[in-house]
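Results of the structural survey
The primary structure of each chain is shown beneath.
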Amino acid sequence: MLDLNFVRDNLPRIEEMLCQRGLDAAAVLRDFSAVDTQRRQAITEAETLKAQRNKASDEIAKLKKSGQDAGAAMAQTKELREQIQTREKIAADLDARLHEILAGIPNIPHASVPVGRSAEENVEVRRWGAPPQFDFTPKPHWDLGAELGILDLERAVKLTGARFAVYWDLGAKLERALANFMLDLHTREHGYTEVLPPYLVNSDSMYGTGQLPKFAADSFRVPLGKNTGDGGDNEKDLWLIPTAEVPVTNLYRDETLDAARLPISLTAYTPCFRSEAGSYGKDVRGIIRQHQFQKVELVKFSRPENSYEEHEKLTRNAETVLQKLGLHYRTVALCTGDMGPSSAKTYDIEVWLPGQQLFREISSCSNFETYQARRANIRYRPEGKNKPEFVHTLNGSGLAVGRTWVAILENYQQADGSVAIPEALRSYIGADRVTPKKF
């Protein structure tokens, strides 16, 4: 969320930013100026009435002390109290409306972000490696997985429905090996601390990282029910996490961090649940777009002056996974029209998939500056200053495990139908090749 005073004082800049993001400024800002003016007027009127009430109260005290009748003055204070309550109620209602408008305004893109309206205007910043060369036509992962007997989409439909997967044998072991490999790399070599958060979070947590209210339709909410186990609240307010970014960032919600601890770097491996509302018809084959998938997440809390240096480090940490696995990729800077609303700058890392002959996003690494910290009230106290300030939050996939699984199958497939296991994973999986097997 942006600061109210900043929005108020920079409306032309906000309108320009919204246009650069491809949004209708009038639809986003709505009646911001009118609501802001009315709210401040109501607050001023309430404060003026309070001053009058205080003066009348002093008059009542004087009248009573001198033995005079204070009835008229007491009636006046009662009337003033009612008027104050009315103005405060108006101010509170307008404040709620203003907060709703502010919650819908996206972040200001960093000056280095390319201006553009769609993914076609993203800018490639670097590539690593080269695509593998085959003396046969490479297959997509959905054919390879089925032929090897390690990916079962039909039984997943029977168990749950479309956009879920069952992994068998070395398919399951490969998924687990990738997660362990990524966590070991990030904790042992990159200095992250591993955390295992809950997979269910409350609405405050979803709001803190920007999933609510904008992305409610893309998330799975637990139906309201009765909680008879602890004698507490009866109604549940829980969501399945769409990414570990939500619980890990909210670990420090409503806290003031010690400046000496910054930057804080955390990593977590969790399942992720997304309803993919509006995406039906896209990526329907295979496991590219699933309702449930696993991901290793990287989250940082940084001082503002260091956050873009930390952003580059985080992105390089995610890239290192692909380098150690020998997977060709490119990194692109998202343009203003393709960035998520909470982000000030985002790099997408896209891995090459030879079975589909395209680059596919496997990690999105973002600096949110104070946008999430303001919503979640995460601060730090700079040395030598009494007033706390908001931290900068960052996060990125390090990596999406399922899409890395896909990339290994497609890049390491062999002419005989088997798939070689990258050297970096062999000690984790206990095999050097996946061969066909039926279950």
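Reference entry: report on the structure contained in this document. Computed from a prediction, not measured in an experiment: that's the story for all the values here.

Description of the overall build of the chain
Regarding its fold elements, the chain presents 14 helices and 17 strands. Burial analysis of the chain (439 residues in total) assigns 49% to the buried set. Of all intrachain contacts in the chain linking residues separated by at least 6 positions in sequence, the fraction that spans at least 24 positions is 74%. In the structure as shown, the chain presents an accessible area of about 21100 Å², 49% of it carried by carbon and sulfur atoms. The positive charge centre, built from 57 side chains, and the negative charge centre, built from 60, are 2 Å apart in the chain.

Some details on the sheet that holds strand 7 (residues 255-258)
Strands belonging to one sheet form pairs held by backbone hydrogen bonds; the direction of such a pair is parallel or antiparallel. Overall, mixed pairing links the 3 strands, which are arranged 7-13-14 in an open sheet. Of all the strands in the sheet, just strand 7 and strand 14 (389-390) have a single pairing partner and so form its edges. Here 2 bridges tie strand 13 (residues 378-381) to strand 14, and the two strands are oriented antiparallel to one another. For R379, the partnering residue across the bridge sits in strand 14 and is F390.

Notes on the nonpolar core
If you look at the biggest cluster of nonpolar residues, it comprises 42 residues, and the most contacted ones within it are L174, L178, M182, L322, L325, W405 and L425. Among the secondary structure elements, those contributing two or more residues to this core are helix 6 (141-148), helix 8 (169-188), strand 9 (292-302), helix 11 (307-324), strand 11 (345-353), strand 12 (358-367), strand 15 (392-400) and helix 13 (401-411). Element by element, the count of residues in this core is highest for helix 8, at 8 residues. Those residues in contact with L325 that lie beyond four places of it in its chain are L178, F181, T404, I408, Y412, P422, A424 and L425. Listed in part, the 28 residues of the second largest apolar core include L11, I14, L29 and Y207.

As for the sheet that holds strand 10 (residues 329-333)
The 8 strands lie next to each other as 1-10-11-12-15-9-8-4, forming an open sheet whose pairing is mixed. Taken across any chain shown, the strands that pair with only one partner, and hence form the sheet edges, are strand 1 (123-128) and strand 4 (193-194).

Description of the side chain of Q211
On the secondary structure map, Q211 appears in the loop between helix 9 (203-208) and strand 6 (239-240). Beyond its immediate sequence surroundings of up to four residues, Q211 is in contact with M206, A216, P242, T243, E245 and V246.

Focus: the pairing of strand 15
Within strand 15, 9 of the 9 residues are buried, which leaves the element mostly enclosed by the surrounding structure. Of the pairings in the sheet, the one linking strand 9 to strand 15 comprises 7 bridges and is antiparallel in character. The residue of strand 15 that forms the bridge with E297 is S397. Of the pairings in the sheet, the one linking strand 12 to strand 15 comprises 2 bridges and is antiparallel in character. Residue pairing for strand 15: S366 is matched across the bridge by N395.

How each quantity is defined
- Every residue gets a number counted from 1 within its own chain, in the order that chain's sequence is written.
- Owing to the predicted nature of the model, reporting of local features is limited to residues with pLDDT of at least 70; listing and counting of side-chain atom pairs is limited to 80 or more, with chain, interface and lining totals taken over all residues.
- Think of the side-chain values as coming from all heavy atoms in the structure, minus any hydrogens and water.
- Secondary structure is summarised from DSSP: a helix means a run of H or I of at least four residues, a strand means a run of E of at least two, and numbering begins at the N terminus for each.
- The buried label applies to any residue whose accessible area, calculated with a 1.4 Å probe on protein chains only, is under 20% of its type's maximum; exposed applies above 50%, and partly exposed to all values in between.
- In this analysis, two residues are considered to be in contact whenever any of their non-hydrogen atoms come within 4.5 Å of each other.
- Each accessible area is a Shrake-Rupley result for a 1.4 Å probe, and residues are judged covered by the shown protein chains and nothing else.
- Residues scored as charged are limited to Lys and Arg (positive) and Asp and Glu (negative), so that His and the chain ends carry no count.
- The location of each charge is read from NZ of Lys, CZ of Arg, CG of Asp or CD of Glu.
- Only strands joined by at least two bridges in the DSSP assignment are considered to pair.
- Among buried residues, those of type Ala, Val, Leu, Ile, Met, Phe, Trp, Tyr and Cys that are joined through side-chain atoms within 4.5 Å constitute a nonpolar core.

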